[in-house]
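What follows is each chain in one-letter form.
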Amino acid sequence: MVGCVVADAHDGIVVEAVVRQGVNSNTVAALAASLYGGAVQSARAAGMGEVGFLRLEAERGHVFAIGWGDLVLVVIADVSVNVGQLRVDMLKSRESLA
Amino acid sequence: MSDQIRHLSDELARDPSSLVFLQLGETLRTSGQLDVALRVSLRGLERHAYSAEAHDLLARICADRGELQRALDEWDMVLRLDPGHYGARKGMGFVLYKQGRFSESEQYLREAAASGEGDASISHALASVERMLRPEVQQPQPESAAPSRNDARRLFADILADGDQTALLIDSSGLVLAGAYISAEGHEVAEEIGAALSGVREEAERAMRHLPLGAWTSISFEAEAATVAMAPVANGALVMVAADPAMPQGFVRRVLESCAARSRSWLTGAA
(Lines give C-alpha, C1' and ligand atoms only; values in the text may rest on other atoms or scores of the structure.)
Protein backbone atom coordinates (compact mmCIF):
# COMPACT_ATOMS: atom_id res chain seq x y z
CA MET A 1 0.00 0.00 0.00
CA VAL A 2 1.40 3.39 -0.99
CA GLY A 3 -1.20 5.62 0.54
CA CYS A 4 -4.76 6.17 1.62
CA VAL A 5 -6.49 9.54 1.50
CA VAL A 6 -9.96 10.81 2.33
CA ALA A 7 -10.69 13.98 0.38
CA ASP A 8 -13.48 16.35 -0.45
CA ALA A 9 -14.97 14.97 -3.66
CA HIS A 10 -15.58 18.43 -5.12
CA ASP A 11 -12.30 20.25 -4.61
CA GLY A 12 -9.90 17.42 -3.72
CA ILE A 13 -8.87 18.97 -0.39
CA VAL A 14 -7.43 16.40 2.02
CA VAL A 15 -9.56 15.47 5.02
CA GLU A 16 -7.32 12.67 6.30
CA ALA A 17 -4.27 11.00 4.82
CA VAL A 18 -1.89 8.16 5.56
CA VAL A 19 0.75 7.97 2.86
CA ARG A 20 4.19 6.49 2.42
CA GLN A 21 7.07 8.92 2.85
CA GLY A 22 7.74 10.81 -0.36
CA VAL A 23 4.13 10.69 -1.54
CA ASN A 24 2.38 14.04 -1.66
CA SER A 25 -1.08 13.44 -0.23
CA ASN A 26 -2.37 16.77 -1.60
CA THR A 27 -1.45 15.77 -5.15
CA VAL A 28 -2.95 12.31 -4.76
CA ALA A 29 -6.17 13.73 -3.31
CA ALA A 30 -6.59 16.41 -5.96
CA LEU A 31 -5.91 14.13 -8.91
CA ALA A 32 -7.87 11.15 -7.66
CA ALA A 33 -10.85 13.29 -6.68
CA SER A 34 -10.76 14.85 -10.13
CA LEU A 35 -10.57 11.42 -11.78
CA TYR A 36 -13.46 10.15 -9.67
CA GLY A 37 -15.44 13.30 -10.37
CA GLY A 38 -14.83 12.83 -14.09
CA ALA A 39 -16.19 9.30 -13.89
CA VAL A 40 -19.22 10.48 -11.91
CA GLN A 41 -20.01 13.20 -14.44
CA SER A 42 -19.46 10.89 -17.40
CA ALA A 43 -21.65 8.15 -15.92
CA ARG A 44 -24.42 10.66 -15.23
CA ALA A 45 -24.14 12.07 -18.75
CA ALA A 46 -24.36 8.53 -20.10
CA GLY A 47 -27.46 7.81 -17.98
CA MET A 48 -25.69 5.16 -15.92
CA GLY A 49 -26.53 6.60 -12.51
CA GLU A 50 -24.19 7.08 -9.59
CA VAL A 51 -20.66 5.69 -9.49
CA GLY A 52 -19.42 3.44 -6.71
CA PHE A 53 -16.03 1.79 -6.86
CA LEU A 54 -13.46 3.06 -9.39
CA ARG A 55 -10.16 1.45 -10.28
CA LEU A 56 -7.38 2.78 -12.48
CA GLU A 57 -4.65 0.34 -13.37
CA ALA A 58 -1.29 1.69 -14.48
CA GLU A 59 2.11 0.22 -15.35
CA ARG A 60 3.47 0.60 -11.82
CA GLY A 61 0.43 0.63 -9.58
CA HIS A 62 -3.26 1.22 -9.05
CA VAL A 63 -5.52 4.07 -8.01
CA PHE A 64 -8.77 3.06 -6.32
CA ALA A 65 -11.54 5.44 -5.33
CA ILE A 66 -14.96 5.15 -3.80
CA GLY A 67 -17.27 8.02 -2.94
CA TRP A 68 -19.95 8.65 -0.38
CA GLY A 69 -21.67 11.99 0.06
CA ASP A 70 -19.19 14.77 -0.43
CA LEU A 71 -16.17 12.62 0.31
CA VAL A 72 -14.03 10.24 -1.66
CA LEU A 73 -11.77 7.54 -0.25
CA VAL A 74 -8.66 7.05 -2.39
CA VAL A 75 -6.10 4.27 -2.16
CA ILE A 76 -2.87 4.16 -4.15
CA ALA A 77 -1.37 0.69 -4.25
CA ASP A 78 1.47 -1.29 -5.81
CA VAL A 79 0.83 -3.63 -8.72
CA SER A 80 1.06 -6.61 -6.38
CA VAL A 81 -2.02 -5.65 -4.35
CA ASN A 82 -4.92 -8.12 -4.02
CA VAL A 83 -7.49 -6.06 -5.92
CA GLY A 84 -10.49 -8.15 -4.88
CA GLN A 85 -9.65 -7.94 -1.19
CA LEU A 86 -8.97 -4.23 -1.37
CA ARG A 87 -12.28 -3.63 -3.15
CA VAL A 88 -14.17 -5.48 -0.42
CA ASP A 89 -12.28 -3.55 2.28
CA MET A 90 -13.06 -0.22 0.63
CA LEU A 91 -16.75 -1.08 0.27
CA LYS A 92 -16.85 -2.01 3.97
CA SER A 93 -15.03 1.20 4.90
CA ARG A 94 -17.58 3.24 3.02
CA GLU A 95 -20.40 1.53 4.89
CA SER A 96 -18.78 2.16 8.25
CA LEU A 97 -17.96 5.79 7.44
CA ALA A 98 -21.33 6.66 5.90
CA MET B 1 -37.85 18.66 -12.50
CA SER B 2 -37.39 18.80 -8.71
CA ASP B 3 -40.48 21.04 -8.41
CA GLN B 4 -42.48 18.53 -10.38
CA ILE B 5 -41.21 15.67 -8.22
CA ARG B 6 -42.08 17.62 -5.07
CA HIS B 7 -45.54 18.41 -6.40
CA LEU B 8 -46.21 14.78 -7.35
CA SER B 9 -44.83 13.53 -4.02
CA ASP B 10 -47.13 15.90 -2.13
CA GLU B 11 -50.07 14.72 -4.21
CA LEU B 12 -49.24 11.10 -3.47
CA ALA B 13 -48.82 11.84 0.23
CA ARG B 14 -52.31 13.39 0.30
CA ASP B 15 -53.81 10.36 -1.42
CA PRO B 16 -51.59 7.26 -1.18
CA SER B 17 -54.07 5.22 -3.21
CA SER B 18 -53.79 7.63 -6.13
CA LEU B 19 -52.31 6.49 -9.45
CA VAL B 20 -50.10 9.56 -9.40
CA PHE B 21 -47.28 7.24 -8.32
CA LEU B 22 -47.05 6.24 -12.00
CA GLN B 23 -46.18 9.78 -13.04
CA LEU B 24 -43.91 10.29 -10.02
CA GLY B 25 -42.05 7.02 -10.65
CA GLU B 26 -41.58 7.84 -14.32
CA THR B 27 -40.33 11.34 -13.54
CA LEU B 28 -37.85 9.94 -11.02
CA ARG B 29 -36.75 7.30 -13.52
CA THR B 30 -36.10 9.77 -16.31
CA SER B 31 -34.20 12.03 -13.90
CA GLY B 32 -31.92 9.12 -13.01
CA GLN B 33 -33.16 8.65 -9.41
CA LEU B 34 -33.60 4.94 -9.94
CA ASP B 35 -33.53 3.79 -6.32
CA VAL B 36 -36.27 6.24 -5.32
CA ALA B 37 -38.22 5.43 -8.47
CA LEU B 38 -38.03 1.74 -7.56
CA ARG B 39 -39.36 2.38 -4.04
CA VAL B 40 -42.24 4.49 -5.37
CA SER B 41 -43.06 1.85 -7.95
CA LEU B 42 -43.05 -1.02 -5.44
CA ARG B 43 -45.22 0.92 -2.99
CA GLY B 44 -47.65 1.68 -5.80
CA LEU B 45 -47.79 -1.97 -6.77
CA GLU B 46 -48.74 -2.90 -3.21
CA ARG B 47 -52.01 -1.02 -3.78
CA HIS B 48 -52.38 -1.63 -7.52
CA ALA B 49 -51.09 -5.17 -8.00
CA TYR B 50 -53.21 -5.71 -11.11
CA SER B 51 -52.34 -2.47 -12.88
CA ALA B 52 -50.53 -3.17 -16.15
CA GLU B 53 -49.13 0.37 -16.11
CA ALA B 54 -47.68 -0.15 -12.63
CA HIS B 55 -45.86 -3.30 -13.76
CA ASP B 56 -44.75 -1.48 -16.93
CA LEU B 57 -43.24 1.29 -14.80
CA LEU B 58 -41.40 -1.24 -12.65
CA ALA B 59 -40.10 -3.00 -15.77
CA ARG B 60 -38.69 0.24 -17.19
CA ILE B 61 -36.99 1.05 -13.89
CA CYS B 62 -35.49 -2.45 -13.76
CA ALA B 63 -34.28 -2.10 -17.35
CA ASP B 64 -32.57 1.18 -16.47
CA ARG B 65 -30.99 -0.47 -13.44
CA GLY B 66 -29.61 -3.18 -15.69
CA GLU B 67 -31.86 -5.83 -14.10
CA LEU B 68 -32.88 -7.17 -17.48
CA GLN B 69 -34.41 -10.48 -16.40
CA ARG B 70 -36.54 -8.77 -13.79
CA ALA B 71 -37.65 -6.26 -16.44
CA LEU B 72 -38.65 -9.12 -18.72
CA ASP B 73 -40.61 -10.77 -15.91
CA GLU B 74 -42.49 -7.55 -15.23
CA TRP B 75 -43.30 -6.98 -18.89
CA ASP B 76 -44.45 -10.57 -19.11
CA MET B 77 -46.86 -9.75 -16.28
CA VAL B 78 -48.00 -6.64 -18.17
CA LEU B 79 -48.88 -8.76 -21.20
CA ARG B 80 -50.84 -11.18 -19.02
CA LEU B 81 -52.86 -8.26 -17.68
CA ASP B 82 -53.09 -6.40 -20.99
CA PRO B 83 -52.17 -8.62 -23.98
CA GLY B 84 -52.16 -5.66 -26.38
CA HIS B 85 -49.80 -3.50 -24.30
CA TYR B 86 -47.52 -1.66 -26.73
CA GLY B 87 -44.89 -0.55 -24.20
CA ALA B 88 -44.39 -4.09 -22.90
CA ARG B 89 -43.80 -5.51 -26.39
CA LYS B 90 -41.40 -2.71 -27.21
CA GLY B 91 -39.56 -3.07 -23.91
CA MET B 92 -39.27 -6.84 -24.23
CA GLY B 93 -37.99 -6.42 -27.77
CA PHE B 94 -35.23 -4.08 -26.64
CA VAL B 95 -34.22 -6.10 -23.59
CA LEU B 96 -34.09 -9.33 -25.57
CA TYR B 97 -31.94 -7.52 -28.12
CA LYS B 98 -29.55 -6.46 -25.37
CA GLN B 99 -29.42 -10.09 -24.23
CA GLY B 100 -28.50 -11.19 -27.73
CA ARG B 101 -31.81 -13.11 -28.12
CA PHE B 102 -32.38 -11.63 -31.55
CA SER B 103 -35.12 -13.96 -32.87
CA GLU B 104 -37.32 -13.37 -29.81
CA SER B 105 -36.51 -9.67 -29.93
CA GLU B 106 -37.60 -9.48 -33.55
CA GLN B 107 -40.93 -11.13 -32.72
CA TYR B 108 -41.80 -8.59 -30.02
CA LEU B 109 -40.56 -5.63 -32.05
CA ARG B 110 -42.64 -6.70 -35.06
CA GLU B 111 -45.71 -7.01 -32.85
CA ALA B 112 -45.03 -3.55 -31.44
CA ALA B 113 -44.50 -2.16 -34.93
CA ALA B 114 -47.78 -3.76 -36.06
CA SER B 115 -49.67 -1.82 -33.41
CA GLY B 116 -49.09 1.21 -35.62
CA GLU B 117 -47.82 3.67 -33.01
CA GLY B 118 -45.30 4.96 -35.58
CA ASP B 119 -42.34 4.89 -33.17
CA ALA B 120 -39.12 5.48 -35.13
CA SER B 121 -37.04 3.70 -32.49
CA ILE B 122 -38.90 0.45 -33.29
CA SER B 123 -37.93 0.58 -36.94
CA HIS B 124 -34.31 1.38 -36.03
CA ALA B 125 -34.23 -1.54 -33.60
CA LEU B 126 -35.80 -3.87 -36.15
CA ALA B 127 -33.13 -2.87 -38.66
CA SER B 128 -30.44 -3.68 -36.06
CA VAL B 129 -32.02 -7.07 -35.32
CA GLU B 130 -32.22 -7.75 -39.03
CA ARG B 131 -28.51 -7.07 -39.39
CA MET B 132 -27.73 -9.44 -36.53
CA LEU B 133 -30.02 -12.24 -37.71
CA ARG B 134 -29.39 -12.06 -41.42
CA PRO B 135 -25.97 -10.58 -42.05
CA GLU B 136 -25.82 -12.45 -45.35
CA VAL B 137 -28.41 -10.11 -46.83
CA GLN B 138 -26.07 -7.17 -46.33
CA GLN B 139 -24.23 -5.87 -49.36
CA PRO B 140 -21.19 -8.15 -49.90
CA GLN B 141 -17.84 -6.40 -49.55
CA PRO B 142 -14.64 -7.38 -51.29
CA GLU B 143 -11.96 -8.80 -48.99
CA SER B 144 -9.68 -5.85 -49.54
CA ALA B 145 -12.31 -3.17 -49.01
CA ALA B 146 -12.16 -0.81 -46.05
CA PRO B 147 -14.34 -1.94 -43.11
CA SER B 148 -18.01 -1.24 -43.77
CA ARG B 149 -20.37 0.47 -41.36
CA ASN B 150 -21.96 -2.87 -40.50
CA ASP B 151 -18.57 -4.50 -39.97
CA ALA B 152 -17.77 -1.70 -37.56
CA ARG B 153 -21.05 -1.99 -35.67
CA ARG B 154 -20.63 -5.74 -35.28
CA LEU B 155 -16.92 -5.66 -34.48
CA PHE B 156 -17.44 -7.07 -30.98
CA ALA B 157 -20.62 -9.07 -31.62
CA ASP B 158 -19.07 -12.51 -31.17
CA ILE B 159 -17.14 -11.49 -28.03
CA LEU B 160 -20.35 -10.11 -26.50
CA ALA B 161 -22.48 -13.06 -27.57
CA ASP B 162 -23.87 -13.68 -24.08
CA GLY B 163 -25.66 -10.31 -24.03
CA ASP B 164 -25.83 -7.89 -21.08
CA GLN B 165 -22.64 -6.31 -22.38
CA THR B 166 -21.84 -3.77 -25.02
CA ALA B 167 -18.59 -2.39 -26.38
CA LEU B 168 -17.48 0.69 -28.25
CA LEU B 169 -14.24 1.74 -29.90
CA ILE B 170 -13.83 5.48 -29.52
CA ASP B 171 -11.22 7.65 -31.26
CA SER B 172 -9.05 10.27 -29.59
CA SER B 173 -11.67 12.97 -30.10
CA GLY B 174 -14.51 10.96 -28.52
CA LEU B 175 -16.11 9.82 -31.78
CA VAL B 176 -17.28 6.22 -32.15
CA LEU B 177 -15.25 4.11 -34.57
CA ALA B 178 -16.93 0.74 -33.99
CA GLY B 179 -19.43 -1.08 -31.83
CA ALA B 180 -23.00 -0.29 -30.90
CA TYR B 181 -24.84 0.84 -27.79
CA ILE B 182 -28.61 0.45 -27.67
CA SER B 183 -30.34 2.04 -24.68
CA ALA B 184 -33.11 0.30 -22.74
CA GLU B 185 -35.54 2.42 -24.74
CA GLY B 186 -34.04 1.04 -27.94
CA HIS B 187 -32.21 4.15 -29.11
CA GLU B 188 -28.74 3.95 -30.61
CA VAL B 189 -26.79 6.07 -28.13
CA ALA B 190 -23.23 5.07 -29.00
CA GLU B 191 -22.16 8.62 -29.92
CA GLU B 192 -23.56 10.08 -26.69
CA ILE B 193 -22.01 7.36 -24.53
CA GLY B 194 -18.69 7.60 -26.35
CA ALA B 195 -18.52 11.36 -25.94
CA ALA B 196 -19.53 11.22 -22.28
CA LEU B 197 -17.09 8.49 -21.28
CA SER B 198 -14.10 9.77 -23.21
CA GLY B 199 -13.89 12.54 -20.60
CA VAL B 200 -12.64 9.94 -18.10
CA ARG B 201 -9.59 9.31 -20.26
CA GLU B 202 -8.57 12.96 -20.07
CA GLU B 203 -8.77 12.85 -16.29
CA ALA B 204 -6.72 9.64 -16.22
CA GLU B 205 -4.02 11.06 -18.44
CA ARG B 206 -3.83 14.19 -16.32
CA ALA B 207 -3.51 12.09 -13.15
CA MET B 208 -0.80 9.91 -14.67
CA ARG B 209 1.29 12.94 -15.59
CA HIS B 210 1.61 13.74 -11.88
CA LEU B 211 1.57 10.34 -10.18
CA PRO B 212 4.64 8.06 -10.44
CA LEU B 213 2.67 5.10 -11.76
CA GLY B 214 3.55 5.09 -15.45
CA ALA B 215 0.95 5.02 -18.22
CA TRP B 216 -2.59 3.91 -17.41
CA THR B 217 -3.63 0.57 -18.84
CA SER B 218 -7.29 0.36 -17.81
CA ILE B 219 -10.02 2.12 -15.86
CA SER B 220 -13.14 0.52 -14.53
CA PHE B 221 -15.97 1.88 -12.46
CA GLU B 222 -19.19 0.48 -11.08
CA ALA B 223 -22.20 2.66 -11.83
CA GLU B 224 -25.79 1.90 -10.83
CA ALA B 225 -26.84 0.82 -14.30
CA ALA B 226 -23.59 -0.65 -15.60
CA THR B 227 -20.06 -1.67 -14.87
CA VAL B 228 -17.82 0.26 -17.26
CA ALA B 229 -14.28 -0.70 -18.18
CA MET B 230 -12.05 1.02 -20.68
CA ALA B 231 -8.54 0.69 -22.00
CA PRO B 232 -6.35 2.59 -24.44
CA VAL B 233 -5.67 0.72 -27.67
CA ALA B 234 -3.76 2.56 -30.42
CA ASN B 235 -3.45 6.04 -31.89
CA GLY B 236 -5.25 7.58 -28.94
CA ALA B 237 -8.28 5.33 -29.41
CA LEU B 238 -10.10 3.83 -26.45
CA VAL B 239 -12.15 0.66 -26.13
CA MET B 240 -15.03 0.72 -23.66
CA VAL B 241 -17.11 -2.17 -22.35
CA ALA B 242 -20.33 -1.65 -20.40
CA ALA B 243 -21.80 -4.68 -18.68
CA ASP B 244 -24.66 -5.57 -16.38
CA PRO B 245 -23.66 -4.54 -12.82
CA ALA B 246 -24.30 -8.11 -11.69
CA MET B 247 -21.57 -9.41 -13.97
CA PRO B 248 -18.39 -10.41 -12.10
CA GLN B 249 -15.61 -7.81 -12.29
CA GLY B 250 -13.08 -10.35 -13.46
CA PHE B 251 -15.29 -11.40 -16.34
CA VAL B 252 -15.78 -7.80 -17.44
CA ARG B 253 -12.02 -7.41 -17.42
CA ARG B 254 -11.62 -10.49 -19.65
CA VAL B 255 -14.20 -9.09 -22.06
CA LEU B 256 -12.34 -5.77 -22.09
CA GLU B 257 -9.05 -7.51 -22.90
CA SER B 258 -10.68 -9.42 -25.77
CA CYS B 259 -12.27 -6.26 -27.15
CA ALA B 260 -8.98 -4.37 -26.85
CA ALA B 261 -7.15 -7.10 -28.79
CA ARG B 262 -9.88 -7.09 -31.45
CA SER B 263 -9.70 -3.29 -31.67
CA ARG B 264 -5.94 -3.29 -32.16
CA SER B 265 -6.09 -5.80 -35.02
CA TRP B 266 -9.10 -4.01 -36.56
CA LEU B 267 -7.37 -0.63 -36.40
CA THR B 268 -4.27 -2.15 -37.96
CA GLY B 269 -6.34 -3.69 -40.73
CA ALA B 270 -8.33 -0.52 -41.24
CA ALA B 271 -5.22 1.64 -41.48
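Below is a summary of the structure that appears in this document.

**Focus: the nonpolar core**
- Ala32(A), Ala65(A), Val74(A), Val239(B) and Met240(B) are the most contacted members of the largest nonpolar core, which totals 77 residues.
- In terms of residues, this core owes the most to one element, helix 1 (residues 25-45) of chain A, which gives eleven residues.
- Sequence-distant contacts of Val239(B), that is, excluding residues within four places in its chain, are made with Ala167(B), Leu169(B), Met230(B), Ala231(B), Val233(B), Leu256(B), Cys259(B), Ala260(B) and Ser263(B).

**Describing the interface of chain B and chain A**
- Contacts between the two partners involve 31 residues from chain B, matched on the other side by 30 residues from chain A.
- If you list the elements that add at least two residues to the side of chain B that touches chain A, you get helix 10 (190-210) and strand 3 (216-223) of chain B.
- For the side of chain B that touches chain A, the element with the highest residue contribution is helix 10 of chain B, accounting for twelve residues.
- Tallied by class, the residues present in the side of chain B that touches chain A amount to 19 nonpolar, seven polar and five charged.

**Section: the environment of Phe53(A)**
- Counting through the fold element by element, Phe53(A) comes out in strand 3 (residues 51-58).
- In sequence terms Phe53(A) and Tyr36(A) are 17 residues apart; their C-alpha atoms lie 9.2 Å from each other.
- Once residues within four sequence positions are removed from consideration, Phe53(A) is found in contact with Ile66(A), Arg87(A), Met90(A), Leu91(A), Phe221(B) and Glu222(B).

Rules and cut-offs
Residues numbered from 1 in each chain as written. Chains lettered and ligands numbered in written order. Predicted model: local features only at pLDDT ≥ 70, side-chain atom pairs only at ≥ 80, totals over all residues. Core = buried A, V, L, I, M, F, W, Y, C linked by C-beta atoms within 7 Å. Buried ≥ 20, exposed ≤ 12 C-beta atoms within 10 Å, placed from the backbone. Helix = DSSP H or I, 4+ residues; strand = E, 2+ residues; numbered from the N terminus. Contact = placed C-beta atoms within 7 Å. Nonpolar A, V, L, I, M, F, W, Y, C, P; charged D, E, K, R; others polar.

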